[in-house]
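If you want the building blocks of each chain, they are given just below.
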Number of protein chains: 2
Amino acid sequence: MQGDLENLKRDFERFLKSRGGKITKGRFEIIDMIANYGTHFEIEDLVRWISSRNKNVASRSTIYRTVRLLQEFGAIREVIKLNNRTIYEFVVGKQHHEHLICVECGKIIEFNKEEIEQLQEKVCEEYDFTPINHRLEIFGICSDCKEKRRENRVG
Amino acid sequence: MQGDLENLKRDFERFLKSRGGKITKGRFEIIDMIANYGTHFEIEDLVRWISSRNKNVASRSTIYRTVRLLQEFGAIREVIKLNNRTIYEFVVGKQHHEHLICVECGKIIEFNKEEIEQLQEKVCEEYDFTPINHRLEIFGICSDCKEKRRENRVG
DNA sequence: ATGTGTGCAAAGAATTTGCACTCCC
DNA sequence: GGGAGTGCAAATTCTTTGCACACAT
């Protein structure tokens, strides 16, 4: 929702200032663009999308640099690594979750399983390992694609 | 162990034949090289290592192509995706497992938690999703690195 | 004013590919 | 013999970087 985005921007401002960074128009316009683009994105797609909408928002370099900043800030996560593609997620206003990725149609399904999170913590304790972040990707075939396959077999 | 490797090669031969491929010396030498290199590797490192040992085994292209084949065959998994690096694992003779990755020293710790596997299956059932493979990466700081940090703080 | 941010084009890194040549079956 | 495999260099794709200029504080 809108309020989350405003909070994010305020916090991001603080984050920038705390590291001696500056508040520029471009950075905040990129945040708006990402918020409008949708949850999951690849940087090159985002670059094309932004420049198709408004040439003056930011250059490719600035977009890459800002995505990196937002990642360090924590507003963006690298959630899926498939072949040589990286799919990012804008996490604002979302609970932590993991992903099912359909290798046929590319659909991304989010899920959260608290027990899995807890078991991970347990594993980390066993190894005296301090977790910073994690990523669970389950690749497979989604319901729709299985349905289509059945149709093709019959028809 | 040695027997596993021989079995793997035999099965890989069948795999190649079944798809109209050919049994070449290079492909099997690459398997030996990977087996000797160690469990986890990045392709470019492997390329450098192979060419430093024996120029005549295979070219960079053949190594890339063979790693891909072995992946399709199932002897190799992409287990860690960190920044723009891909770390592969030679799975021969190993149980399925996931990884803890120390972001400070790069150490990779393998673990298996059967309950996590089961919960994943449950999630897939809930979404009528047929899983093909999955990857769980937990990034953090390992025991040794925490110890070193403590030492530095004191000393 | 001072130092950070930005755009651009060039540089890098990791892969893939086109093509001529070589080798299995 | 014929198609599959290989090596090489060129092409791709994604990302980072050097530098001159612009802007925020």
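- Chain A appears in an unreviewed UniProt entry as Ferric uptake regulation protein from Thermocrinis ruber.
- Listed under Subunit (unreviewed entry) in UniProt, the entry text for chain A is "Homodimer."
- In the Sequence similarities (unreviewed entry) part of its UniProt record, chain A is described as follows: "Belongs to the Fur family."

### So, the UniProt feature "binding site: Zn(2+)" (unreviewed entry) in chain A
Consideration 1: UniProt's entry tags Cys102, Cys105, Cys142 and Cys145 of chain A with the feature "binding site: Zn(2+)" (unreviewed entry), counted in the numbering of this structure. These annotated residues cover 44 residues of sequence, and their C-alpha atoms all fall within 8.3 Å of one another, placing them together at a single site.
Consideration 2: Positionally, Cys105 of chain A belongs in the loop between strand S4 (98-102) and strand S5 (108-111).
Consideration 3: We classify Cys105 of chain A as partly exposed; its relative accessible area is 43%.
Consideration 4: Beyond its immediate sequence surroundings of up to four residues, Cys105 of chain A is in contact with Cys142 and Cys145 of chain A.
Consideration 5: Here Cys142 of chain A is to be found in the loop between strand S6 (130-141) and helix H6 (143-154).
Consideration 6: Residue classification places Cys142 of chain A among the buried positions, given a relative accessible area of 1%.
Consideration 7: Excluding anything up to four places from it in sequence, Cys142 of chain A contacts Cys102, Cys105 and Lys107 of chain A together with Asp128 and Phe129 of chain B.

### Comments concerning the domain arrangement of chain A
Residues and elements named next belong to chain A.
Consideration 1: For chain A, the domain assignment lists domain 1 (1-94) and domain 2 (96-155).
Consideration 2: If you average the C-alpha positions of domain 1 and of domain 2, the two centres end up 24 Å apart.
Consideration 3: Counting from both sides, the interface comprises 11 residues of domain 1 and, opposite them, 10 residues of domain 2.
Consideration 4: Between domain 1 and domain 2, roughly 940 Å² of surface is buried when both sides are summed, and carbon and sulfur atoms account for 53% of that area.
Consideration 5: Per-residue buried area on domain 1 facing domain 2 is highest for Arg77, Ile80 and Lys94; these three make up 46% of the total on that side.

### Looking at the packing of helix H1 (residues 2-18) of chain A against helix H4 (residues 60-73) of chain A
All names here are of chain A.
Consideration 1: Two elements in contact, H1 and H4, have axes separated by 11 Å at closest approach and are oriented at 95°. One way to sum up the angle between H1 and H4 is to call them roughly perpendicular. In this structure, H1 uses Leu8, Asp11, Phe12, Phe15 and Leu16 to contact H4, whose residues at the interface are Leu69, Leu70, Glu72 and Phe73.
Consideration 2: Residues that form the contact of H1 with H4 fall into these classes: seven nonpolar, no polar and two charged.

### Focus on the packing of aromatic side chains
Consideration 1: Under the criterion given, the structure shown has 14 aromatic pairs over all chains.
Consideration 2: On the numbers, 6.4 Å between centres and 80° between planes, the contact of Tyr37 of chain B with Phe41 of chain B is edge-to-face.
Consideration 3: Between Phe41 of chain B and Tyr88 of chain B, the aromatic rings sit 5.7 Å apart at their centres with planes inclined by 20°, giving stacked as the arrangement. Note that Phe41 of chain B is positioned in strand S1 (residues 40-41) and Tyr88 of chain B in strand S3 (residues 85-90), a separation of 47 residues in sequence. Note on accessibility: Phe41 of chain B and Tyr88 of chain B belong to one class, buried.
Consideration 4: Through a chain of ring-to-ring contacts, the aromatic side chains of Phe12, Phe15, Phe28 and Phe73 of chain A assemble into a single cluster.

### Regarding the sheet that holds strand S2 (residues 76-82) of chain A
Residue and element names in this part refer to chain A.
Consideration 1: On the basis of which strands lie adjacent, the open sheet formed by three strands has the order S1-S3-S2 and antiparallel pairing. Only two strands of the sheet have a single partner each, and these edge strands are strand S1 (40-41) and S2.
Consideration 2: Sheet topology note: the S2/strand S3 (residues 85-90) ladder contains six bridges and is antiparallel. Across the sheet, residue Arg77 finds its bridge partner in S3, namely Glu89.
Consideration 3: Strands in contact with H4 are S1, S2 and S3; relative to S2, the strand with the most contacts, it is inclined by about 110°.

Cut-offs applied
Residues numbered from 1 in each chain as written. Chains lettered and ligands numbered in written order. Predicted model: local features only at pLDDT ≥ 70, side-chain atom pairs only at ≥ 80, totals over all residues. Heavy atoms only, no water. UniProt positions renumbered as here; feature names shortened; annotations may be inferred. Helix = DSSP H or I, 4+ residues; strand = E, 2+ residues; numbered from the N terminus. Buried < 20%, exposed > 50% of the residue type's maximum accessible area, 1.4 Å probe, protein only. Contact = heavy atoms within 4.5 Å. Domains from an automatic or database assignment. Buried area = accessible area lost by both parts, 1.4 Å probe. Axes fitted to C-alpha atoms, helices over the stretch in contact; angles between N-to-C directions. Parallel < 35°, antiparallel > 145°, perpendicular 65-115°, else oblique. Nonpolar A, V, L, I, M, F, W, Y, C, P; charged D, E, K, R; others polar. Phe/Tyr/Trp six-rings, centres within 6.5 Å; stacked < 30°, edge-to-face > 60°. Pairing = 2+ DSSP bridges.

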